[in-house]
Amino acid sequence: MVAALHEETGLPSNDDHRREAVVPLLEGAPHGAIWLIGPRRAPVGYICISFGWSIEFGGLEGRIIEVFVRQAVRGRGMGTEAVYEIAKALKQGGVTALHLQVAPEDERNRRLFARAHFVERTDELLMTLPL
């Protein structure tokens, strides 16, 4: 599913890169987690979240890194429901905020996350320094 998302969105990736990125999370690394969407034996998607510390929000924060739902089942509310349930569990676990980045032109995902009660922040611009 990770390969499918990367291909669909045009992210450069290969099997080795994906394995190095995903396996530590599946093995319990404290820096993030991956949740499957749907039945364990036949998942229809996944959500990956990384964790960090926020002075602004007063503690542990999460950032949704990737969300993928197979095309055949998109539009049925499974992604929204999964984000909602994961957010509830994270809050119970002490996470103080959950962030994500959505491209301004990506109306579908902007609507999805608005339905899950995410608020657009226009006071920030994400900047990245690849290392």
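The sections below set out a description of the structure shown in this document. Every chain begins its residue count from 1, and numbering advances along the sequence as written. It should be noted that, the model being predicted, local features are given only for residues of pLDDT at least 70 and side-chain atom pairs only at 80 or more, the latter also being counted only at that level, while totals for whole chains, interfaces and linings use all residues. Excluded from the side-chain calculation are hydrogens and water; included are all heavy atoms of the structure.

### Describing the pairing of strand β2 (residues 45–54)
One bridge is not enough; two strands pair if DSSP finds at least two bridges between them. Only runs of H or I of at least four residues qualify as helices and only runs of E of at least two qualify as strands under DSSP, and these elements are numbered from the N terminus. By the bridge criterion, six bridges tie strand β1 (residues 32–37) to β2 in an arrangement that is antiparallel. If you follow G32 over to β2, its bridge partner there is S50. In terms of strand pairing, β2 meets strand β3 (residues 59–69) through ten bridges, oriented antiparallel. Pairing of I49 across the sheet is with I64, part of β3. Linking two consecutive strands that pair antiparallel, namely β2 and β3, is a turn of four residues; a positive phi of about 75° is found at G58 within it.

### A closer look at helix α3 (residues 78–92)
An ideal rise of 1.5 Å per residue puts 21 Å on 15 residues; α3 measures up with 21 Å between its terminal C-alpha atoms. Under the scheme applied here, a residue whose accessible area is under 20% of the maximum for its type counts as buried, over 50% as exposed, and between as partly exposed, the area being computed with a 1.4 Å probe on protein chains only. Within α3, the full set of buried residues consists of G79, T80, A82, V83, I86 and L90. Taken around the axis of α3, the buried residues stretch over an arc of 160°, which confines them to a single face. Residues E81, K91 and Q92 are exposed on α3 and point more than 90 degrees away from its buried face. Downstream of α3 by a residue or two, G94 has a phi angle that is positive, lying close to 100°. Expected helix span is taken as 1.5 Å per residue step, with the number of steps being one fewer than the number of residues. In this description, the arc belongs to the directions extending from the helix axis to the C-beta atoms.

### Concerning unusual backbone geometry
Positioned with a positive phi, H117 is a non-glycine residue whose angle comes to about 75°. By relative accessible area, which is 66% here, H117 ends up exposed.

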